[in-house]
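Coordinate analysis (summary)
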Amino acid sequence: QEISLKYGAGRLGKRQDADMKRFRDNRLGAFIHWGLYAIPGGEWNGEMYGGAAEWLKAWAKVPADEWLKLMEQWNPTRFNPKAWAKMAKKMGVKYVKITTKHHEGFCLWPSKYTQYTVAQTPYKKDILGEMVKAYNDEGIDVHFYFSVLDWSHPDYRYDIKSEEDEIAFARFLEFTDNQLKELATRYPTVKDFWFDGTWDASIKKNGWWTAHVEQMLKEMLPGVTVNSRLRADDYGKRHFDSNGHLMGDYESAYERRLPDPVKDLKVTRWDWEACMTVPENQWGYHKDWSLSYVKTPLEVLERIVHAVSMGGNMVVNFGPQPDGDFRSEEKELADAVGRWMSVNGECIYGCDYAGWDKQAWGYYTRKGKEVYMVVFNSPYSRHLVVKTPKDVKITKAVVLNGKEVGVKETARNEYNVDMPAKDPGAPFVIKLQIEDNTNAADKYR
Ligand code: H79
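Residues numbered from 1 in each chain as written. Predicted model: local features only at pLDDT ≥ 70, side-chain atom pairs only at ≥ 80, totals over all residues.

1. Overview of the overall build of the chain
- When its secondary structure is counted, the chain shows 10 helices and 17 strands.
- Taking 445 residues into account, the globule formula puts the C-alpha radius of gyration at 22 Å, and the chain, at 23 Å, falls close to it.
- With the C-alpha coordinates aligned to their principal axes, the bounding extent of the chain is approximately 70 × 55 × 35 Å.
- Looking at the chain residue by residue over its 445 residues, the buried ones come to 42%.
- Across the chain, the fraction of contacts at a sequence separation of at least 24, relative to all contacts at a separation of at least 6, is 69%. (Helix = DSSP H or I, 4+ residues; strand = E, 2+ residues; numbered from the N terminus. Rg over C-alpha atoms; globule rule 2.2 N^0.38 Å. Buried ≥ 20, exposed ≤ 12 C-beta atoms within 10 Å, placed from the backbone. Contact = placed C-beta atoms within 7 Å.)

2. Here's the deal with helix H4 (residues 81-91)
- Three or more residues of H4 are buried, namely Trp84, Ala85, Met87, Ala88 and Met91. Looking straight down H4, one finds its buried side chains confined to an arc of 155°; they lie on one side.
- Those residues of H4 that are buried lie in contact with strand S1 (28-32), strand S4 (95-101), helix H5 (127-137) and helix H10 (328-344).
- Once H4 finishes, Gly92 follows within two positions and takes phi at roughly 95°, a positive value. (Arc of directions from axis to C-beta.)

3. A few points about the pairing of S1
- Summarising burial for S1: 5 of the 5 residues are buried, a large majority.
- Side chains Leu28, Ala30 and Ile32 of S1 all project onto a buried face; the interleaved residues Gly29 and Phe31 project onto the opposite face, where all are buried too.
- The pairing of S1 with strand S9 (residues 312-318) spans 5 bridges and is classified as parallel. Directly across from Leu28, in S9, lies its bridge partner Met314.
- Inspection of the sheet shows S1 paired to S4 by 4 bridges, in the parallel sense. Directly across from Gly29, in S4, lies its bridge partner Tyr95. (Pairing = 2+ DSSP bridges.)

4. A few points about the domain arrangement of the chain
- Splitting the chain by domain gives domain 1 (18-347) and domain 2 (362-444).
- Listed by partner, the interface residues are 10 residues for domain 1 and 10 residues for domain 2.
- Going through the elements one at a time, helix H9 (297-309) and H10 are the ones with two or more residues in the side of domain 1 that touches domain 2.
- At 6 residues, the largest contribution of residues to the side of domain 1 that touches domain 2 is made by H9.
- The residue makeup of the side of domain 1 that touches domain 2, split by class, is 5 nonpolar, 3 polar and 2 charged. (Domains from an automatic or database assignment. Nonpolar A, V, L, I, M, F, W, Y, C, P; charged D, E, K, R; others polar.)

5. Observations concerning helix H8 (residues 207-220)
- For H8, with 14 residues, the first-to-last C-alpha span of 20 Å sits near the 20 Å given by 1.5 Å per residue.
- Taken residue by residue, H8 has Gly207, Trp209, Thr210, Ala211, Val213, Glu214 and Leu217 as its buried positions.
- Residues of H8 that are buried make contact with helix H6 (163-186), strand S6 (192-196), helix H7 (201-204) and strand S7 (225-226). (Expected span 1.5 Å × (residues − 1).)

6. Considerations on the sheet that holds strand S5 (residues 141-147)
- Taken together, 7 strands build an open sheet; the order of strands is S7-S6-S5-S4-S1-S9-S8 and the sheet is parallel. One side of each edge strand has no neighbouring strand; the edge strands of this open sheet are S7 and strand S8 (272-276).
- By the bridge criterion, 5 bridges tie S8 to S9 in an arrangement that is parallel. Across the sheet, Met276 pairs through a bridge with Val316, a residue of S9.

7. A few points about the packing of H9 against H10
- Packing of H9 against H10 brings their axes to within 10 Å, and their N-to-C directions diverge by 55°. In this view, H9 runs oblique relative to H10, as classed from their interaxial angle. Here the hand of the crossing between H9 and H10 comes out right-handed. Across from Pro297, Val300 and Leu301 in H9, the residues of H10 making contact are Leu333, Ala336, Val337 and Trp340. (Axes fitted to C-alpha atoms, helices over the stretch in contact; angles between N-to-C directions. Parallel < 35°, antiparallel > 145°, perpendicular 65-115°, else oblique. Left-handed = near helix turned anticlockwise from the far one by under 90°.)

8. Observations regarding the site of the ligand
- Around the ligand lies a shell formed by His33, Ala52, Glu54, Trp55, Asp196, Trp199, Glu255, Cys275 and Trp283.
- Looking at side-chain class alone, the shell around the ligand contains 5 nonpolar, 1 polar and 3 charged residues. (Near = placed C-beta within 6 Å.)

9. What to know about the environment of Ser342
- The residue Ser342 is located in helix H10 in this model.
- Separated by 300 residues in the primary sequence, Ser342 and Gly42 place their C-alpha atoms 35 Å from one another.

10. Remarks on the sheet that holds strand S14 (residues 404-405)
- Ordered by their spatial adjacency, 5 strands build an open sheet running S10-S11-S17-S13-S14, and the pairing between neighbours is antiparallel. Across the chains shown, the open sheet's two edge strands, defined by having one partner strand only, are strand S10 (362-367) and S14.
- Pairing analysis gives 6 bridges linking S10 to strand S11 (residues 370-375), with the strands arranged antiparallel. In the sheet register, Gly362 faces S11, and the bridge partner there is Val375.
- Here H9 sits on the sheet in contact with S10 and S11, set at roughly 50° to S10.

11. Concerning the nonpolar core
- Among the nonpolar cores identified, the biggest contains 109 residues, and Ala30, Ala88, Val96, Tyr135 and Met373 are the most heavily contacted of them.
- Among the elements that take part in this core, H5 stands out by supplying 6 residues, more than any other.
- The residue makeup of this core includes at least three contributed by each of domain 1 (18-347) and domain 2 (362-444).
- Apart from the residues lying within four places of it in its own chain, the contact partners of Met373 are Gly362, Tyr364, Leu384, Val417, Val429, Ile430 and Leu432. (Core = buried A, V, L, I, M, F, W, Y, C linked by C-beta atoms within 7 Å.)

Next up, the structure:
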């Protein structure tokens with residue numbers, strides 16, 4: 001028996017409209033974390049902080065007014081939006097999620113509702129507008145990251161403990177509504193809003209407001225998608241409502257981690273999107289990447305495939321420098337991912353969970369009748385074991401952009417698929433042709 005909720009899930013199951021399908025089929029995105037925090041890059045008053053660069057204000061206990069003085073130094077002279085869009089295109093990302101405003105409160109667009117915007121910096125121009133145009137011109141969708149938590153605003157409250165808090169926070173929510181309406185009006189091509197900074201008690205006590213924001217954006221921008229992190233229900237339950245139903249259009253809690261590919265198959269029941277950093281936990285630009293492990297391009301690729309194999313999207317983060325250029329490590333990563341995607345993108349875009357038992361050599365993805373084997377670990381036996389579901393037969397196996405490889409049936413619903421004659425020395429993809437008689441009986445019902 002379910003309890004009745006005014007602000008719970010607006011829908012059961014996945015959205016099946018064209019806009020949601022586009023969100024899902026895009027599969028690979030890039031995150032851009034760019035704000036004032038790029039200027040100190042993890043260093044304050046001569047001290048280097050190992051924590052996330054975009055949280056430096058908190059680590060170094062910098063008062064808001066002092067932090068916001070960084071605006072005087074916001075002048076990215078090497079910023080070239082066309083080059084950014086070309087880099088994203090070459091990498092093979094189909095969408096880019098941009099931090100319009102992170103926790104610090106600095107807005108990349110000239111908001112009418114605060115003085116802490118790009119318009120009040122030496123740069124002056126609408127830098128968000130320049131990005132939106134450049135990405136859209138390359139055919140790349142733009143999604144907006146928006147932090148509800150705002151360290152620059154005097155009316156923000158972490159909790160509501162008095163009437164004064166209630167009045168101030170009501171003003172804050174109205175301010176936030178105004179900023180969101182402003183974004184939706186100024187940049188009508190935006191496809192998605194990804195909310196962050198929604199974990200405080202003040203917001204959990206105002207679940208009605210999160211439902212209102214979702215509805216408001218959907219009325220202003222038909223087809224727009226909204227992440228689950230925005231949402232809290234009548235009882236302050238987040239992401240999933242008190243009846244266990246996903247709120248918003250897709251689950252967004254997999255940050256710097258992924259579901260277990262064997263144990264967590266429940267995620268295949270809803271749409272979801274994961275995001276990841278390249279160092280252990282740096283979203284904004286940090287000067288010193290030697291302070292934590294930095295993932296190799298191969299490790300990034302494996303996470304992309306892992307997400308898609310479970311019916312999710314993956315967003316790889318970039319933290320541009322204060323001068324508007326990308327660090328060399330990020331340029332090299334984008335190139336490496338792009339080289340792989342240009343050969344193997346067929347197993348990512350438009351692909352979904354295949355429903356086959358995972359094997360140690362890697363991951364399956366699927367697009368209709370095509371099943372892709374994405375091989376990350378080559379076995380010494382040079383045979384890739386495949387176990388098919390009941391009534392599914394493999395008829396042919398071909399390396400993507402390569403030659404056919406042998407397939408031998410070894411037992412009922414078990415096959416050995418041969419490795420390519422020459423070891424590719426990198427993750428490779430085998431496309432399987434299958435004969436699926438699972439629903440054969442249905443035809444004669
Ligand atoms: O934008 C990136 C991060 O800055 C942001 N989300 C990604 C996309 C983010 N960082 N941390 N978090 C989100 C999670 C917040 C964790 C918290 Fe806490 C734990 C907030 C409250 C409890 C630790 C303690 C940090 C603040 C107080």
